[in-house]
Amino acid sequence: MIPELVRLFTTWADPPRTWRIAGGELALAEPLLIGILNVTPDSFSDGGRFAPPDAGVARAERLKADGAGLIDVGGESTRPGAREVPVPEEIARVVPVIRELLRHGLGPVSVDTRKAAVARAGLDAGAAVVNDVSGLAYDAALAGTVAAAGAGLILMHMRGSPDTMDGLATYRHVAVEVAGELRAAAARAESAGVARGAIAVDPGFGFAKHPEHNWRLLDELATIAGLGYPVVVGPSRKRFLGAATGRPVEDRDRATAAACALAWERGARGFRVHDVALAREALLVARATTLAR
């Protein structure tokens, strides 16, 4: 059965050239840099630094100046073992920042949440995309919320929750299994009314995956691209990069840039990163190589 699935999912498909979001489209002929803006006190990399709206605006201005085409605002840490944030608290974190970003002309903005109520509040504040790290597994109502707003949707692969995911990292063929689970999530989204062209998928590096799973998944990313949706990757500063380089969290941006370049060659078109400038430079080199073929 596994060889048949490998043949099914590795059939090459040219990556989509646009991604529909609320109010328009994002071009994907060139790398789409998605700047991470965590407004949480306990993020694994930059917890607490950008929670105040003025600090968030300053950070977003830097991300945009460095080349970000989308700012992703998150109010709940998803690091391993992170506690769940109550809905009112998460809304109170993300909505003021989203409003301020848009007031300063720093859109489009994505709201990073797995909860329909938070997504609705973020979309009402002007967000154009919802980034669901649970791939609709946490809150089935989220898909209908996105559909009603005509927003873009990123479906990320994760098994379980941040406090249980490490124990669920068991795969026979990780790329094929992740592709199958993402395809099922996308089908649920489309059944709820989300347009196919509004859906992007993310293989979920570091979520319910051990280092060897992440490396195999990166190498076989064309399996995910074969689904036909835009592929977004988020390797930024993840543990598997530290395992390979020996670098601490704050010194993994070079490794992140290298991983992004490899992902571009395998079909990824969106790149969720902390250091936009460094990733952009690596991706421009990778793109120049593919254009020369």
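Look up a bit, the structure's there.
This is a predicted model, so every value here is computed, not measured.

The rules behind these values
Residues numbered from 1 in each chain as written. Predicted model: local features only at pLDDT ≥ 70, side-chain atom pairs only at ≥ 80, totals over all residues. Heavy atoms only, no water. Helix = DSSP H or I, 4+ residues; strand = E, 2+ residues; numbered from the N terminus. Rg over C-alpha atoms; globule rule 2.2 N^0.38 Å. Buried < 20%, exposed > 50% of the residue type's maximum accessible area, 1.4 Å probe, protein only. Contact = heavy atoms within 4.5 Å. Areas by Shrake-Rupley, 256 points an atom, 1.4 Å probe, with all protein chains shown as cover. Axes fitted to C-alpha atoms, helices over the stretch in contact; angles between N-to-C directions. Parallel < 35°, antiparallel > 145°, perpendicular 65-115°, else oblique. Left-handed = near helix turned anticlockwise from the far one by under 90°. Nonpolar A, V, L, I, M, F, W, Y, C, P; charged D, E, K, R; others polar.

(A) Spatial organisation of the overall build of the protein chain. Helix and strand counts for the protein chain stand at 11 helices and 10 strands. A compact globule built from 293 residues would reach a C-alpha radius of gyration of about 19 Å, and the protein chain, at 17 Å, matches this within 12%. For the protein chain, the spread of C-alpha atoms along the three principal axes comes to 50 × 40 × 35 Å. Among the 293 residues that make up the protein chain, the fraction classed as buried is 53%. Within the protein chain, contacts between residues at least 6 apart in sequence are counted, and of these 69% link residues at least 24 apart. Total accessible area computed for the protein chain in this model is approximately 11700 Å², and 52% of it derives from carbon and sulfur atoms.

(B) Region of interest: the environment of Thr223. You can see Thr223 is positioned in helix α8 (residues 222–225). For the pair Thr223 and Pro53, spaced 170 residues apart in sequence, the C-alpha to C-alpha distance is 39 Å.

(C) Representation of the packing of helix α10 (residues 253–265) against helix α11 (residues 276–291) within the structure. Where α10 meets α11, the closest approach of the two axes is 8 Å, and the angle between their N-to-C directions is 30°. When the interaxial angle is binned, α10 and α11 end up roughly parallel. Where α10 crosses over α11, the two elements pack in a sense that is right-handed. Judged by residue contacts, Asp253, Arg254, Ala257, Cys260, Ala261, Trp264 and Glu265 of α10 engage Leu278, Ala279, Ala282, Leu283, Ala286, Arg287, Thr289 and Thr290 from α11. Of the residues belonging to the contact of α10 with α11, the class tally is nine nonpolar, two polar and four charged.

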